[in-house]
Amino acid sequence: AKTLIKNRAQIGESAEQALYNVNNQLCEGNDENYFVTAWLGIVDIRTGLVSYCDAGHENPYIIHADGTVEEIAVAKKRPPLAAMEDMPYMKNEFTLQPGDTVFLYTDGVPEATDANNELYSTTRLEECLRENAKDDVKSLLVHVRENVDAFVKDAPQFDDLTMLAFRLNTLGENK
């Protein structure tokens, strides 16, 4: 799925067209009914405009340069890739300013569970993001993982914890 999405984006397809095409490719011969959640954002580094589509993924966050944290929620969630053929994916947009960070994660982060079966939750995640908002992106990821691990302690985990963060440092020149 990652390779298919990357290839579609690199040939210049929009986020919604790329997910539409990849979805149909993954539906072919999917007798096991496997699916994959995805979030595809294409960043114009000249303007900070992010055009994105969601395919059943967790809502990302923007950590603004001033330290505020904003959840980026779509108006209507779409199903994961490979769940249904010919699914149209809806284009959404937001604009990053210099110093803004986008934080993406899989459901294993908020659903990490402690020994009492309590979830880590998006509330704890947002608090951790606010507390570490001024970190560089590598340190931010380390601190979130440490925070989840401290919450979970020795409880066994049943899902992956995958995170990605990137920061727009400056806007490019219009050429």
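Up top you'll find the structure we're talking about.
Residues numbered from 1 in each chain as written. Predicted model: local features only at pLDDT ≥ 70, side-chain atom pairs only at ≥ 80, totals over all residues. Heavy atoms only, no water.

### Some details on the overall build of the chain
Assigned secondary structure in the chain consists of four helices and seven strands. Sequence-ordered secondary structure for the chain, helices as α and strands as β, is α-α-β-β-β-β-β-β-α-α-β. For 175 residues, the compact-globule estimate of 2.2 N^0.38 gives 16 Å, and the C-alpha radius of gyration of the chain, at 17 Å, lies within 12% of that figure. Seen through its principal axes, the chain has C-alpha atoms that stretch 50 × 40 × 25 Å. Scored against the burial criterion, the 175 residues of the chain give a buried share of 40%. For the chain, contacts bridging at least 24 residues in sequence account for 66% of all contacts bridging at least 6. Accessible surface, the chain: about 9,900 Å² in total, of which carbon and sulfur atoms supply 49%. Placing the 16 positive and 30 negative side-chain charges of the chain at their respective mean positions leaves the two points 6 Å apart. (Helix = DSSP H or I, 4+ residues; strand = E, 2+ residues; numbered from the N terminus. Rg over C-alpha atoms; globule rule 2.2 N^0.38 Å. Buried < 20%, exposed > 50% of the residue type's maximum accessible area, 1.4 Å probe, protein only. Contact = heavy atoms within 4.5 Å. Areas by Shrake-Rupley, 256 points an atom, 1.4 Å probe, with all protein chains shown as cover. Lys, Arg positive; Asp, Glu negative; His and termini not counted. Charge placed at Lys NZ, Arg CZ, Asp CG, Glu CD.)

### Here's the deal with the pattern of salt bridges
The final tally for this structure, using the stated rule, is six salt bridges. A salt bridge links R46 to D44, with the nearest nitrogen and oxygen atoms 3.0 Å apart. Overall, D44 belongs to the partly exposed group, its relative accessible area being 21%. A salt bridge links E118 to R124; its shortest N-O distance comes to 2.7 Å. For R124, a relative accessible area of 28% puts it in the partly exposed group. (Salt bridge = Lys/Arg side-chain N within 4 Å of Asp/Glu carboxyl O.)

### Observations regarding empty space enclosed by the protein
Going through the model one piece at a time under the given rule, you end up with one cavity of 30 Å³ or more. In this model, the largest cavity occupies a volume close to 30 Å³. Lining the largest cavity are C53, D54, V74, K76, K77, R78, M90 and N92. Residues belonging to the lining of the largest cavity are distributed by class as follows: three nonpolar, one polar and four charged. (1 Å grid on protein atoms, 1.4 Å probe; cavity = no way out; pocket = protein on both sides within 12 Å on 5 of 7 lines; lining within 4 Å. Points joined across faces, edges and corners; volume = space filled by probe spheres on them. Nonpolar A, V, L, I, M, F, W, Y, C, P; charged D, E, K, R; others polar.)

### What to know about the environment of N59
Relative to the helices and strands, N59 resides in the loop between β2 (49-55) and β3 (61-63). Taking the relative accessible area as the measure of exposure, N59 reaches 16% and is therefore buried. Once the C-alpha coordinates of N59 and A73 are considered, the two residues, 14 residues apart in sequence, prove to be 5.5 Å apart. Not counting residues up to four positions away in its chain, the partners in contact with N59 are E71, I72, A73, V74, K77 and Y105.

### Here's the deal with the layout of surface pockets
In this model, the largest pocket occupies a volume close to 730 Å³. Every residue lining the largest pocket is counted, 22 residues in all, and those nearest its centre are K2, W39, L40, L104 and L164. Within the residue set of the lining of the largest pocket, elements represented by two or more residues are α1 (2-10), β1 (38-43), β6 (101-105) and β7 (163-167). Taken together, the residues of the lining of the largest pocket break down into 14 nonpolar, six polar and two charged.

### With respect to the packing of aromatic side chains
What the rule picks out here adds up to five aromatic pairs. Look at Y61 and Y105: their rings are 6.0 Å apart centre to centre, the planes differ by 20 degrees, and that puts the pair in the stacked class. Linking Y61 in strand β3 with Y105 in strand β6, this pair joins segments that are 44 residues apart in sequence. By relative accessible area, Y105 is classed as buried at 2%. Relative to F151, the ring of Y120 lies with its centre 5.7 Å away and its plane at 70 degrees, an arrangement referred to as edge-to-face. Of this pair, Y120 sits in the loop between β6 and α3 (121-131) while F151 sits in helix α4 (residues 137-152), and the two are 31 residues apart along the sequence. Judged by relative accessible area, Y120 falls into the buried class, the value being 0%. The exposure class of F151 is buried, given its relative accessible area of 15%. Through pairs of rings, three or more aromatic residues link up here, namely W39, Y52 and F94. (Phe/Tyr/Trp six-rings, centres within 6.5 Å; stacked < 30°, edge-to-face > 60°.)

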